[in-house]
Amino acid sequence: MVGIQRNTEPGPGRLVVIDADVRAARAAHGLGRPLVFVQRPGSRADELVDDFSGYYTVDFAGEGFAEFVGEILAPLAPTAVVSLSEEGARAATLANSLLGTDATRVDEARRLLADASAGEVYEESGAAGETGAAGEAGEAEGRGERAASSSGRPVALFINNHPYSNFNRGGVYTLPTSEIDIHMAARTQIDGGVTGFADHPLDHVALCEANEEDRWREICSWILRNHPISRVIAVHERAVLLAAEMRSKFGLAGMDLDTATRFRDKVRMKDAVRAADAATVPDFAPLDTVEDLEKVDWSTGRKVIKSRTGLAAKDLYIVETLEEARRVVGGLDLSGSHYEVEEFVKGQIYHCDSVVRDGGIVFSSVGKYLADPASYRPGSIFGTVLVGESELVRRITALNTRVLAALGLKDGTTHLELFHTEADELVFCEVAGRPPGGIIPPVIQAQYGFDIVEAQIRIDAGLDVSLGTAPEPVDGTGTAGFLAFYPGGGESRGIDPDRLSALGVVEHLTHRGAGNGRGGVRHSTDFLDSYVIKAADDEELTRRIAAIQDEYWR
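Every value quoted in this text rests on a predicted model; they were computed, and no experiment measured them.

### Re the environment of Ala45
Part 1: As for its placement among the helices and strands, Ala45 is situated in helix α3 (residues 45-48).
Part 2: Accessibility expressed as a relative area gives 0% for Ala45, which makes it buried.
Part 3: Taking the C-alpha atoms as reference points, Ala45 and Asp203, separated by 158 residues in sequence, lie 9.2 Å from one another.
Part 4: With residues up to four places along the chain from it excluded, the contact list for Ala45 reads Tyr55, Val194, Phe197 and Val205.

Shown next, in the form of structure tokens:
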């Protein structure tokens, strides 16, 4: 698999296939080479890619194709560009000329693809599986219908690090494709890039590997230069900074890079919160060299070393002594100002999730975690319960208001975490300028009747936002929460679907691909099963959570 994923070893090298149909795509996968597909807008990405394929939609017969070759294909260093269609072959000839690829290898690749395609046994029937003139006509007609429906509408770039299926939950599709046209840059299929794409296809798609940050930047810049994009959408933590960078670079509306950095860089974040006296902040310091550890007061007890831009409690280390800290830091790359060290705070962790419009908070909810997000491990549990009106909630929302004002957010959603200590003190932990992750959005929706992720999408897209029944519960009473189970720790039996209603479960989410494949848990939201629960009051919610936990492992 690794050989297919990256073109780093000598050998046949990466193959670019232009204007592939399903037969040609399947044949290309059989060649055992790293693949990139270049398709017309409106092509069905999910029918063509395998787990590791790159994919781009572009008018390869248009004037901008040469620029695409130079800026997007050239950095991939393909050894050949080929096509089995007449129009695609002309584009491939141009690409090979611009790239200076070896003619012998190009001819060999074309022959191999043609031979493999001719040998394909094609079993499907219908629009998705047809070949020949009828199938091509149907595909072109579908593209024409979608293009016509998008005429004159705003256009947005959606930088998406979630599986595409996340935006079709419970039969409700949250991307506003009836109101705007969307160009999506997403992860390759192994990370869910176009899972569930068939139900709601997009005309314009680009797929690249999740951790290739420079590649994402190149793709997004090229899309923004070549299409009339007026908005950039981002709901995942990994996409927030890049989206803000693109907005600032191209002069687009929405959260700019400076604001986004304050919400992502934990040192700059805490500097701003402390400077505004918005909340009590634990002692902290940048960690750029081993010598920086000497500047920390170790007499006050344990410390936390963590990534300044980390998420989901990854790259986080709790250390007791200076000696232990030195051992941990010895295994880290401290270049580039990526780490910080801060005082460990003992206390119950709460979260406050908000929607902000025109600089004012129009919705907020407070929840209490059932476990420390940093304590995830195989076989353990996680969850949250919403907290009703109380003096503590009022204090938390007031702190949240001060923090968001200090960081300067004008429009968007936020997820703040803080500690409530045994001394009844509220201590700031961190805040993100995006919707809460994991199962918190379904809990908010169960309680208040709106999807906070959809709210962020619509804010980024410049569209009106509906907050459902917020700030009141959907039915005027009750509370909600979720309980999630990490993979590992013994065989899980799950819960009989017929039992869910009696246990107060309003939504069960199964997460395919949970775990790291070696018996470990990758991050704090790496759940195997999660259950969204409604109850009449806090006491009943607690009982239902205990019953679900007991029944899950029974």
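Past the structure itself, the notes keep going.
### Brief notes about the pattern of salt bridges
Part 1: In the structure shown here, the tally under the stated rule is 40 salt bridges.
Part 2: For the salt bridge of Glu507 with Arg169, the shortest nitrogen-to-oxygen distance reads 2.7 Å. Linking Glu507 in strand β21 (residues 505-510) with Arg169 in strand β6 (residues 168-169), this pair joins segments that are 338 residues apart in sequence.
Part 3: On the accessibility criterion, Glu507 (18% relative accessible area) is buried.
Part 4: By relative accessible area, Arg169 is classed as partly exposed at 24%.
Part 5: For Arg302, the salt bridge goes to Glu320, with nearest N and O atoms at 2.8 Å. Placement of Arg302 in the loop between β11 (284-287) and β12 (303-307) and of Glu320 in the loop between β13 (316-319) and α12 (322-330) is noted, with a sequence separation of 18 residues between them.
Part 6: Accessibility expressed as a relative area gives 33% for Arg302, which makes it partly exposed.
Part 7: Ionic contacts of the salt-bridge type, sharing partners, join the residues Lys270, Lys306, Glu340, Glu342 and Glu430 into one network.

### Here we look at the packing of helix α4 (residues 65-73) against helix α8 (residues 213-226)
Part 1: Packing of α4 against α8 leaves a shortest axis separation of 10 Å and a crossing angle of 160°. For the element pair α4 / α8, the angle class is roughly antiparallel. In the packing of α4 onto α8, the handedness of the crossing is right-handed. On α8, the residues that touch Glu67, Phe68, Glu71 and Ile72 of α4 are Arg215, Glu218, Ile219, Trp222, Arg225 and Asn226.
Part 2: The residue inventory of the contact of α4 with α8, partitioned by class, reads four nonpolar, one polar and five charged.

### Re the confidence of the model for the chain
Part 1: Summary statistics for the chain give a mean pLDDT of 89 and a share of 91% for residues scoring 70 or more.
Part 2: For the stretch residues 121-151, pLDDT sits under 50, and the model shows 24 contacts to residues farther than four places along the chain or on other chains.

Scoring rules and cut-offs
Residues numbered from 1 in each chain as written. Predicted model: local features only at pLDDT ≥ 70, side-chain atom pairs only at ≥ 80, totals over all residues. Heavy atoms only, no water. Helix = DSSP H or I, 4+ residues; strand = E, 2+ residues; numbered from the N terminus. Buried < 20%, exposed > 50% of the residue type's maximum accessible area, 1.4 Å probe, protein only. Contact = heavy atoms within 4.5 Å. Salt bridge = Lys/Arg side-chain N within 4 Å of Asp/Glu carboxyl O. Axes fitted to C-alpha atoms, helices over the stretch in contact; angles between N-to-C directions. Parallel < 35°, antiparallel > 145°, perpendicular 65-115°, else oblique. Left-handed = near helix turned anticlockwise from the far one by under 90°. Nonpolar A, V, L, I, M, F, W, Y, C, P; charged D, E, K, R; others polar. pLDDT = per-residue confidence, 0-100.

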